[in-house]
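Per-entry structural report
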Amino acid sequence: MRNWDKTVTIVPSYAIVSESFKNWRAMEESEGRRIKRHINIKISSIKFCDEELIGRLQSIDFLKDYLRETQAFIERYNAENTVNPNNLVNGRHMTNIGTFRVYAEKYLESNPYINKELTFMVRRLQATENGLPIEIYVFSKEKALKRFEEVAADIFDHLLAAVPYFDLEIFQSPSGSDMRNFVRRGDS
């Protein structure tokens, strides 16, 4: 059997019935190669959007229409349901995580290397001890490994850099230096 790196592997006949194999032909003949990766968001950074955050996010081109339409819908809903505005938990309000998810969708829709005809999702997964995963599930038009990885890297480079604009934080396990700094601060 010829491998992707042009080496040849001999497979014993018993392995054909007892082992599983990945066949890449369907992907090569398809309209795209799947990107299915996630970003873990620190749960304590998730919050309702206040006026100051909404004001800052309005300068992001991909979000202008979404913010205007969603804000109008929320104001109508809260007025019709006589929601007490003194607490954000009452009624409906935008969240920074929901707005980031919409931003990621709009960003991916604008990417010429993403096939919008195939499955296209940005979704929240079940929260874990590592935060709240926001999963990107799309298909790249680029199927060759090097170009595919470049497309995926460009997407995640951008989204990782965009996270702080939404007052969100990426979950990251404490490192040894984090623990040393924590202990030093505790000594003072």
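Refer to the structure printed above.
First things first, this report covers the structure right here in the doc. Values in this document were obtained by computation on a predicted structure and should not be read as measured data.

**Describing the packing of helix 5 (residues 96-109) against helix 6 (residues 145-162)**
Two packed helices can be described by the angle between their axes and the distance between those axes. Between helix 5 and helix 6, the shortest axis-to-axis distance is 11 Å and the interhelical angle comes to 150°. Here helix 5 is positioned roughly antiparallel relative to helix 6, judged by the angle of their axes. Considering only the axes of helix 5 and helix 6, their crossing is right-handed. Taking contact as the criterion, the partners of Phe100, Tyr103, Ala104, Tyr107 and Leu108 in helix 5 are, on helix 6, Asp154, Ile155, His158, Leu159 and Ala162. Of the residues in the contact of helix 5 with helix 6, the class split is eight nonpolar, one polar and one charged.

**What to know about the sheet that holds strand 2 (residues 121-124)**
If you walk across this open sheet you meet the three strands as 1-3-2, and the pairing is antiparallel. Since the sheet does not close on itself, it has two edges, and those belong to strand 1 (33-41) and strand 2, each with one partner. For this sheet, the mean inter-axis angle between neighbouring strands, taken without regard to orientation, is 15°. Pairing of strand 1 with strand 3 (residues 132-140), which is carried by nine bridges, proceeds in the antiparallel orientation. Each residue of the ladder has a partner; that of Arg34, found in strand 3, is Phe139. Those strands touched by helix 5 are strand 1, strand 2 and strand 3, and its axis lies near 165° from that of strand 2. The strands touched by helix 6 are strand 1 and strand 3; relative to strand 1, the strand with the most contacts, the crossing angle is about 25°.

**As for the pattern of salt bridges**
Taken as a whole and assessed by the stated rule, the structure comprises twelve salt bridges. Note that Arg37 is salt-bridged to Glu149, the shortest N-O span being 3.1 Å. Of the two residues, Arg37 sits in strand 1 while Glu149 sits in helix 6, which places them 112 residues apart along the sequence. The salt bridge partner of Asp61 is Lys64, with a shortest N-O separation of 3.2 Å. Three or more residues are tied together by salt bridges with common partners; here these are Lys47, Glu52, Arg56 and Asp167.

Thresholds applied
Residues numbered from 1 in each chain as written. Predicted model: local features only at pLDDT ≥ 70, side-chain atom pairs only at ≥ 80, totals over all residues. Heavy atoms only, no water. Axes fitted to C-alpha atoms, helices over the stretch in contact; angles between N-to-C directions. Helix = DSSP H or I, 4+ residues; strand = E, 2+ residues; numbered from the N terminus. Parallel < 35°, antiparallel > 145°, perpendicular 65-115°, else oblique. Left-handed = near helix turned anticlockwise from the far one by under 90°. Contact = heavy atoms within 4.5 Å. Nonpolar A, V, L, I, M, F, W, Y, C, P; charged D, E, K, R; others polar. Pairing = 2+ DSSP bridges. Salt bridge = Lys/Arg side-chain N within 4 Å of Asp/Glu carboxyl O.

Take it as geometry only, folks, not as evidence of what the structure does.
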